[in-house]
Amino acid sequence: MQYWPDNVYLDDARNLAQHVEPDTVALSVWSPPYHVGKAYERDMSYFDWKNLLRRVIEAHVIVLKPGAFLAINIADILCFKDSNMPRIMADNVSRRKRNDITREKVLEAWTQYPHYNRGQIAALLGCSEQTVDRRMKGNNIRGGKYAAQTRVKLVGGLLEQYALDCGLFLYDRRLWVKDAAWENSRWHTMSYRSVDEFEYIYIFWKPGPTMINKSRLTRDEWTAWGSRAVWYIPSVRANDDHDAKFPLELPRRLIQLLTEPGDLVLDCFAGSGTSALAALHEKRRFIGIDRSPLSVDLAKKALRQALHEQRQQSLELFPSIPKVG
Ligand SMILES: C[S@@+](CC[C@H](N)C(=O)[O-])C[C@H]1O[C@@H](n2cnc3c(N)ncnc32)[C@H](O)[C@@H]1O
């Protein structure tokens, strides 16, 4: 079955080359599982995860137009378990026990105040919302603080290799600096490790003619981010409907920078449909794919809402347009 533009499909990203027309995608932009223990990746070993990335990158050689781009948003793995790593044995002399927020403490607080939201529970316990989230969901745990044999795993090199192996070239990388989520939190660590406030966007290129069109951006956009490597975009704080949304501004910038109106944008880890929404706003076509039925429903709902709003706006601007449906 062929996947037609302007829809979101329930499927595994590894199958995309079977359904998306070859040489049609002008930009593929996605954020895959990060291998940090989120609910949607618990069934995947490190080996499975690497394989997933490799196969999905390979599929892009077929569907990307010559001269087109693949943009991957990802972060390093801050707590990579490695039993070969020598144990870190030193004591932490300044550790203050009272600041340890355990899962039990979070659960206790929520039992006492069942109507509190994540932010209120965090304020009550004197920790960040992320801490509450991690204790509840077990995601992205910086277990490195407590486990002696964890190291940081850089992910960019893996992607670069997988891409090169199949004929896609690393064209650029941007640093996405998120808001200082930790600024107001009483974050205490058992190590000298930092807390990352940034992620990467790796941009790969399929050989072929690429049109460079600076007029896609306004002068201010060029000054602020068109040719700048560091992008400051606040992260999505209220991940209430999806676990790991990226902000709309992130795919929007990539779409504006790298595609023309009418071009086809793909997100094969579509989640809540953020890239599809950005494509819609920027008058590009899109194909979304996600293997979770919940995500696909969410994305379709968000798109229906956005289309409805667009239609209302054009009716207000041009009241003589006949109503659809
Ligand atoms: C980091 S989230 C993407 C969030 C998205 N960028 C957004 O803003 O909502 C990763 C998504 O990949 C999906 N996923 C995980 N493994 C997949 C696979 N093999 N094929 C397709 N989707 C997959 C998950 O269901 C999840 O929605």
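None of the values given here were measured: they were computed from a predicted structure.

Chemist: Can you lay out the nonpolar core for me, pointing to particular residues and giving the numbers?
Modeler: Ranked by internal contacts, the top residues of the largest apolar core, which has 41 residues, are Trp30, Ile57, Ile74 and Leu159. Listing elements by their share of this core, those giving two or more residues are strand E2 (25–30), helix H2 (46–63), strand E3 (64–74), strand E4 (77–81), helix H6 (156–166), strand E7 (198–205), strand E9 (264–267) and strand E10 (285–290). Looking at this core element by element, the count peaks at 7 residues for H2. In this structure tryptophan 30 touches Leu53, Val56, Ile57, His60, Leu70, Ala71, Ile72, Asn73, Phe246, Asp267, Cys268 and Phe269, once residues within four positions along its chain are discounted. Ile255, Leu277, Phe286 and Val296 belong to the second largest nonpolar core, which has 29 residues in total.

Chemist: Please give an account of the packing of aromatic side chains that cites residues and values.
Modeler: Using the criterion set out here, one finds 9 aromatic pairs in the structure. Here phenylalanine 198 and tyrosine 200 contribute two aromatic rings whose centre-to-centre distance is 5.6 Å and whose plane-to-plane angle is 85°, an arrangement assigned as edge-to-face. If you follow lysine 214 out to its NZ or CZ, it ends over the ring of tryptophan 222, 4.9 Å from the centre.

Chemist: Give me the lowdown on the packing of helix H3 (residues 103–112) against helix H5 (residues 129–137), citing residues and values where you can.
Modeler: Axis separation between H3 and H5 bottoms out at 9 Å; the angle between their running directions is 100°. In terms of axis orientation, H3 runs roughly perpendicular to H5. Contact residues: Arg103, Val106, Leu107 and Trp110 in H3; Val132, Arg135 and Met136 in H5. Partitioning the contact of H3 with H5 into residue classes produces 5 nonpolar, no polar and 2 charged.

Chemist: Outline the site of the ligand, supporting the account with residue identities and numerical values.
Modeler: Lining the immediate environment of the ligand, one finds 23 residues, of which Ala13, His242, Ser272, Thr274 and Asp290 sit closest. Residue aspartate 12 places a side-chain N or O atom 3.3 Å away from a nitrogen atom belonging to the ligand. Within the backbone of alanine 13, a nitrogen or oxygen atom sits 2.8 Å from a nitrogen atom of the ligand. For the ligand, the accessible surface in isolation is 600 Å², of which the surrounding protein chains cover 99%.

Chemist: Could you give an account of the confidence of the model for the protein chain, with specific residues and numbers?
Modeler: For the protein chain, the average pLDDT comes to 87, and 86% of its residues sit at 70 or higher. This stretch, residues 139–145, has a pLDDT under 50; its non-local contacts, to residues over four places away or in other chains, come to 25 contacts.

Chemist: An account of the pattern of salt bridges is requested, with residue identities and associated values reported.
Modeler: All chains considered together, the criterion is met by 15 salt bridges. For the salt bridge of arginine 151 with aspartate 82, the shortest nitrogen-to-oxygen distance reads 2.7 Å. Of the two residues, arginine 151 is situated in strand E5 (residues 150–153) and aspartate 82 in the loop between E4 and H3; the sequence distance between them amounts to 69 residues. Residue aspartate 172 pairs with arginine 173 through a salt bridge whose shortest N-O separation is 3.7 Å. For arginine 173, a relative accessible area of 45% translates into the label partly exposed. What emerges from the salt-bridge pattern is a single network uniting Glu249, Arg252, Arg253 and Glu282.

Reading guide: rules and limits
Positions within a chain are numbered from 1, following the residues in the order the chain's sequence is written. At least 70 in pLDDT is required for a residue's local features to be given in this predicted model, at least 80 for side-chain atom pairs to be given and counted, and no such filter applies to totals for whole chains, interfaces and linings, which use all residues. Excluded from the side-chain calculations are hydrogens and water; all other atoms, namely the structure's heavy atoms, are used. Definition used in this section: a nonpolar core is a set of buried Ala, Val, Leu, Ile, Met, Phe, Trp, Tyr and Cys residues joined via side-chain atoms within 4.5 Å. Remark: exposure states derive from per-residue accessible area (1.4 Å probe, protein chains only) relative to the maximum for the residue type, with buried under 20%, exposed over 50%, and partly exposed in between. Numbering of helices and strands starts at the N terminus; helices are DSSP runs of H or I of at least 4 residues and strands are runs of E of at least 2. Residues are treated as being in contact if the distance between any of their heavy atoms lies within 4.5 Å. In summary, the pairing rule links any two rings of Phe, Tyr or Trp, Trp by its six-membered ring, whose centres are within 6.5 Å, and it sorts them by plane angle into stacked for under 30 degrees, edge-to-face for over 60 and tilted for everything else. Consider the ring centre and the ring normal. A charge sits over the ring if Lys NZ or Arg CZ is within 6 Å of that centre and within 35 degrees of that normal. Think of each axis as a best-fit line through the C-alpha atoms, taken over the contacting stretch in the case of a helix, with angles from 0 to 180 degrees between the N-to-C directions. Here the angle decides the label: under 35 degrees means roughly parallel, over 145 means roughly antiparallel, 65 to 115 means roughly perpendicular, and every other value means oblique. Here the nonpolar group is Ala, Val, Leu, Ile, Met, Phe, Trp, Tyr, Cys and Pro; Asp, Glu, Lys and Arg are the charged ones; every other residue, Gly included, is treated as polar. The criterion for a residue being near a molecule or strand is simple. One of its heavy atoms has to lie within 4 Å of it. Polar contact criterion, stated in full: a pair of N or O atoms within 3.5 Å, where within protein one must be able to donate a hydrogen and the other to accept it, and residues adjacent in sequence count only if both atoms are side-chain atoms. Accessible areas in this description were obtained via Shrake-Rupley with a 1.4 Å probe; residue shielding takes into account the shown protein chains only. Think of pLDDT as the predictor's per-residue confidence, scored from 0 to 100. For this document, the term salt bridge refers to a Lys or Arg side-chain nitrogen within 4 Å of an Asp or Glu carboxyl oxygen.

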